[in-house]
Amino acid sequence: MLQYPPAVHEQIAIELWNAKKERKAIPPISARYPEFTAQDAYVIQRTFRDLEHKNGAAHAGYKIGATSVAIQEMFGVDQPDFGFLTEGMLLADGACLDPGWFISPKVEGEIAFRIGADLSDPRTTAADVLVVTTEVFPALEVLDSRIENWDIAWVDTVADNASSAMAVLGKAVPFDGRDLAAETMVFESGDFVQTANGSAVMGHPAESVACLVRILASFGAGIGAGDLVLAGSLAAAVDLEAGATVRASFGSLGSVSLSAFSN
């Protein structure tokens, strides 16, 4: 149920959009509007998306977040959320980023799906997702919060496009039925190394995509044919620091990396 009027939704969406452009964070929405609901937050996200599209951004797909225990514990949330992707948010393997493009960036290692047919049934399962998956990618998602100091409740990150900023994609791998739950990822940033399996993402990353379809269906929407979907982080996020290189290497999907300019 919506607790706030359209004028409030539009005001906050504009705040977030300006924060992204100007790289200046805003105070937590949840602290200013304590009765905020999930519906309020998603209305703001859609308004934020509409502002992006009106200013030339093209739809590319979706990301689903907070799908692993590691990420839920890191950000203090207890359920998945989703955000939108635009073509301008997608970068090729080896991308070199300037940390100054962001407010407080972090990086996650993920598996991304290319979906070959529309999915909008509220009963969609992981098996349904795998039937229409045409290719998968090793991926790094760059997160950035437009909320001050990452001081986020669940509704803050939802309104803020699930804290998404960019994604770096490795080489596409045609999907051949391989077991993505058993896929091992080694996630490295400097001397920091984490290892995780695809099963860390809701038991199977395709279940994460199915969960996204079911959430979208509750809004009368769905994943479209050709959409890219980031299925969620397998391990905890790391800070994107100047001069750093971040790499995710998978057992059979290859690897993907990004680097950050030095100051």
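Residues numbered from 1 in each chain as written. Predicted model: local features only at pLDDT ≥ 70, side-chain atom pairs only at ≥ 80, totals over all residues. Heavy atoms only, no water.

### A closer look at the nonpolar core
Okay, step 1: One finds Leu16, Phe36, Phe113, Ile115, Leu140, Ile223 and Leu258 to be the most contacted residues of the largest nonpolar core, which totals 73 residues.
Okay, step 2: Broken down by element, the residue count for this core peaks at eight residues, all from helix H7 (residues 205–217).
Okay, step 3: For phenylalanine 36, the contacting residues outside a window of four places in its chain are Tyr4, Ile12, Ile29, Ala41, Ile44 and Val155.
Okay, step 4: Among the nonpolar cores identified, the runner-up in size contains ten residues, and Ala112, Leu169, Leu228 and Leu230 belong to it. (Core = buried A, V, L, I, M, F, W, Y, C linked by side-chain atoms within 4.5 Å. Buried < 20%, exposed > 50% of the residue type's maximum accessible area, 1.4 Å probe, protein only. Helix = DSSP H or I, 4+ residues; strand = E, 2+ residues; numbered from the N terminus. Contact = heavy atoms within 4.5 Å.)

### What to know about the environment of valine 186
Okay, step 1: Checked against the element boundaries, valine 186 lands in strand E9 (residues 184–189).
Okay, step 2: Sequence spacing of valine 186 and arginine 247 is 61 residues, and the spatial spacing of their C-alpha atoms is 8.0 Å.
Okay, step 3: Those residues in contact with valine 186 that sit more than four places away from it in its chain are Val193, Gln194, Thr195, Arg247, Ala248 and Ser249.

### So, the pattern of salt bridges
Okay, step 1: With the rule as written, the count across this model stands at ten salt bridges.
Okay, step 2: Measuring nitrogen to oxygen at the nearest pair gives 3.6 Å for the salt bridge that ties arginine 49 to aspartate 50.
Okay, step 3: Taking relative accessible area as the criterion, arginine 49 reaches 26% and is therefore assigned partly exposed.
Okay, step 4: You can call aspartate 50 partly exposed: its relative accessible area is 35%.
Okay, step 5: A salt bridge links glutamate 207 to arginine 214; its shortest N-O distance comes to 2.6 Å. (Salt bridge = Lys/Arg side-chain N within 4 Å of Asp/Glu carboxyl O.)

### Observations concerning the pairing of strand E11 (residues 228–233)
Okay, step 1: The element E11 is extensively covered by neighbouring structure, given that six of its six residues are classed as buried.
Okay, step 2: Bridge count for strand E5 (residues 106–115) against E11 is four bridges, and the pairing is antiparallel. Within E11, the position partnered with glutamate 110 by the bridge is serine 233. (Pairing = 2+ DSSP bridges.)

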